[in-house]
Amino acid sequence: VLTAVAQNGCALQFASQELRADWEVVLTAVAQTGCALEFASAELRADLEFVLTAVYWNGCALEFASVELRAHREVVLTAVAQ
């Protein structure tokens, strides 16, 4: 699965729920394309540490973070710095 999402981050949408909740798998997908965060588990999309890491790698991931984190100053600043 890591190879697939490294080549096409949107392949995450076809992964199991367990893999959509896996830090390594989701970050690999997000590094390839920010929109992959859309397919991550709700828990990861609401996890501050995870989202900060995701938007650091790809600022476009901000769009798919939880509503609360899209309004979080540090998250937004990290995303726009990309």
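Heads up: these notes are all about the structure in this document. Quick caveat, the model's predicted, so the values are computed rather than measured.

What counts, and at which threshold
Residues numbered from 1 in each chain as written. Predicted model: local features only at pLDDT ≥ 70, side-chain atom pairs only at ≥ 80, totals over all residues. Heavy atoms only, no water. Helix = DSSP H or I, 4+ residues; strand = E, 2+ residues; numbered from the N terminus. Rg over C-alpha atoms; globule rule 2.2 N^0.38 Å. Buried < 20%, exposed > 50% of the residue type's maximum accessible area, 1.4 Å probe, protein only. Contact = heavy atoms within 4.5 Å. Areas by Shrake-Rupley, 256 points an atom, 1.4 Å probe, with all protein chains shown as cover. Arc of directions from axis to C-beta. Axes fitted to C-alpha atoms, helices over the stretch in contact; angles between N-to-C directions. Parallel < 35°, antiparallel > 145°, perpendicular 65-115°, else oblique. Left-handed = near helix turned anticlockwise from the far one by under 90°. Nonpolar A, V, L, I, M, F, W, Y, C, P; charged D, E, K, R; others polar. Phe/Tyr/Trp six-rings, centres within 6.5 Å; stacked < 30°, edge-to-face > 60°.

1. Describing the overall build of the protein chain
Consideration 1: In terms of regular secondary structure, the protein chain is built from seven helices and zero strands.
Consideration 2: Ordered by position from the N terminus, the helices and strands of the protein chain form the series α-α-α-α-α-α-α.
Consideration 3: Computed over the C-alpha atoms, the radius of gyration of the protein chain is 11 Å, within 12% of the 12 Å expected from 2.2 N^0.38 for a compact globule of 82 residues.
Consideration 4: Here the C-alpha coordinates of the protein chain stretch approximately 35 × 20 × 15 Å along the principal axes.
Consideration 5: The proportion of buried residues among the 82 residues of the protein chain is 41%.
Consideration 6: Summarising the internal contacts of the protein chain: among those between residues at least 6 apart in sequence, 40% fall at separations of at least 24.
Consideration 7: Carbon and sulfur atoms provide 53% of the accessible area of the protein chain, an area that totals close to 4600 Å².

2. A word on helix H7 (residues 73-80)
Consideration 1: Among the residues of H7, Val75, Thr78 and Ala79 are the ones counted as buried. The arc that holds every buried residue of H7, seen down its axis, measures 100°, which confines them to one face. Opposite the buried face of H7, by more than 90 degrees, sit the exposed residues Arg73 and Val80.
Consideration 2: Looking at the buried side of H7, the elements it contacts are helix H5 (48-57) and helix H6 (67-70).

3. Structural notes on the packing of helix H3 (residues 23-32) against H5
Consideration 1: One way to put it is that H3 packs onto H5 with a least axis distance of 9 Å and a crossing angle of 30°. Relative to H5, the element H3 lies roughly parallel. The hand of the H3/H5 crossing is right-handed. Mapping the contact onto sequence places Trp23, Val26, Leu27, Val30 and Ala31 in H3 and Glu49, Phe50, Thr53, Ala54 and Trp57 in H5.
Consideration 2: Within the contact of H3 with H5, the residues separate by chemical class into eight nonpolar, one polar and one charged.

4. Thoughts on the environment of Ala79
Consideration 1: Here Ala79 is to be found in helix H7.
Consideration 2: Using a relative accessible area of 9% as the deciding quantity, one classes Ala79 as buried.
Consideration 3: Between the C-alpha atoms of Ala79 and Val51, which are 28 residues apart in sequence, the distance is 9.6 Å.
Consideration 4: When residues no more than four places from it in sequence are discounted, the contact partners of Ala79 are Val55, Gly59 and Leu62.

5. With respect to the side chain of Ser66
Consideration 1: Turning to its location among the elements, Ser66 is positioned in the loop between H5 and H6.
Consideration 2: Setting aside residues up to four positions removed in sequence, Ser66 forms contacts with Arg45 and Ala46.

6. A few points about the packing of aromatic side chains
Consideration 1: This model, assessed by the stated rule, comprises two aromatic pairs.
Consideration 2: With 5.8 Å between their ring centres and 85° between their planes, Tyr56 and Trp57 make a pair best called edge-to-face.

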